[in-house]
Amino acid sequence: MDTTSLYFEGEGGAELGARGHSKDHRPQLNQMMVGVILDQQGRPVCSEMWPGNVADVTTLVPVIDRLRSRFGIGRVCVVADRGMVSTDTIAALEQRGLEYILGMRERGSKEVRQLVLADPAPSVPLVIPREGRPDTELQAKEVRVGARRYIVCRNLVEAAEAARTRAAVVATLRARLKKGDKALVGNSAYRRYLKTPDQQHFSIDEDRVAEDARYDGLYVLRTNTRLPPLTVMLRYRELLVVEQLFRSAKALLATRPIYHQTDAAIRGHVFCSFLALVLRKELEDRLAAARLKPEWRDLLADLDRLQEIEVAQDGKRLILRTPVTGVAGKAFQAVGVALPPNIRDAAAAPAAA
């Protein structure tokens, strides 16, 4: 499960539209919160909607209770990001006897910062090949603190990128400090590495630079499952699928902007986007089974160009189909749908639904 916010240009209904933490960086606008729950195959199971001032940490447990009641689910393993996690959330999950894989706040948790990250045990590596892109290099290891089980994960590609970025920032900062440029304090990228030994001077805080390096490409999970560390890490990474779904809903499926004015109409509008995500997942699975992986925007463009036109000639009405371009034809084959002929008699054609 993961959530996002959708902002409104108008009021956003009587109840849904409210000011809250905007993930779209539009704090001045009313918004609503939308949650999507996926199964372990990445299929959207259901969606949830709340007013825009609802906090993420309050949404997880009620959704789980409704899912278990509605679908009669026995065993549940909850995978959620750090924004949904609190001490009360973990206690509620354990009280219900549920398994979980939860992201932790690495810098904000004293136990994680001082005990978990200090564990000297080596990590187990994993390389995920990526066609046309650099391989994803990951590491994971288990750390126990009392009865609590943590999985320390690191993405080596992201770690290297973070280290390069920090090195460039610090190098620029050193050069500019030699010129006595106090205006650097106004730049947040620079300010985080500065300290003030006196009221007149700034210098680089080497301890903060070293501390920042500890978190390069790092994320820490807490789990009560018995899954191996690498499996726990991969399950958590499936949240990336939800984030991709949200980007699709906002951009490709044009969920925004929302012009409706009543809560019922707004809920219906967003739910239609959820149904579109379900259909997209099914189409992607069928394309994958046919060993096809087209770019989604290209596929939509190819399908959009496929049209039928009714024309009249010599007292006859004919239906003409535009030529199939790109991957549209293969997409029809993958889902088992036959394309109509290029030209057919409109009188013999079935009536439109």
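The rules behind the values
Residues numbered from 1 in each chain as written. Predicted model: local features only at pLDDT ≥ 70, side-chain atom pairs only at ≥ 80, totals over all residues. Heavy atoms only, no water. Pairing = 2+ DSSP bridges. Helix = DSSP H or I, 4+ residues; strand = E, 2+ residues; numbered from the N terminus. Axes fitted to C-alpha atoms, helices over the stretch in contact; angles between N-to-C directions. Contact = heavy atoms within 4.5 Å. Salt bridge = Lys/Arg side-chain N within 4 Å of Asp/Glu carboxyl O. Buried < 20%, exposed > 50% of the residue type's maximum accessible area, 1.4 Å probe, protein only. Arc of directions from axis to C-beta.

Undergrad: Which residues make up the sheet that holds strand 1 (residues 2-7), and what values do they have?
TA: Taken together, three strands build an open sheet; the order of strands is 1-2-3 and the sheet is antiparallel. In the strand order of this sheet, the two ends are held by strand 1 and strand 3 (44-51), each with one partner. Averaged over all neighbouring strand pairs, the angle between strand axes comes to 25°, with direction disregarded. Bridge analysis of strand 1 against strand 2 (residues 31-38) gives six bridges, and the strand direction is antiparallel. In the strand pairing of strand 2, Thr-3 is matched with Gly-35. Sheet strands touched by helix 9 (residues 263-289): strand 1, strand 2 and strand 3. Its angle to strand 3, the strand with the most contacts, is close to 155°.

Undergrad: So, the pattern of salt bridges: which residues are in play, and what are the values?
TA: Scanning the model with the defined rule gives 25 salt bridges in all. The shortest N-O distance in the salt bridge between Lys-23 and Asp-56 comes to 2.9 Å. Taken as a pair, Lys-23 in the loop between strand 1 and strand 2 and Asp-56 in the loop between strand 3 and helix 1 (60-71) lie far apart in primary sequence, 33 residues in all. A relative accessible area of 29% places Lys-23 in the partly exposed class. Linking Asp-302 and Arg-305 is a salt bridge whose minimum nitrogen-to-oxygen distance equals 2.4 Å. Separated by three residues within a single helix, Asp-302 and Arg-305 lie in helix 10 (residues 296-305), roughly one turn from each other. Sharing partners across several salt bridges, the network here consists of Arg-107, Arg-166, Asp-212 and Asp-216.

Undergrad: I'd like a rundown of helix 10, residues and numbers included.
TA: One full turn of an α-helix is made of 3.6 residues, so residues set three or four places apart face in the same direction. Among all positions in helix 10, only Trp-296, Leu-299 and Asp-302 are buried. All buried residues of helix 10 project into a common sector of 125° when viewed along the axis, lining one side. For helix 10, the exposed residues set more than 90 degrees away from the buried face come down to Arg-297 and Asp-304. Buried residues in helix 10 make contact with helix 9 and helix 11 (328-334).

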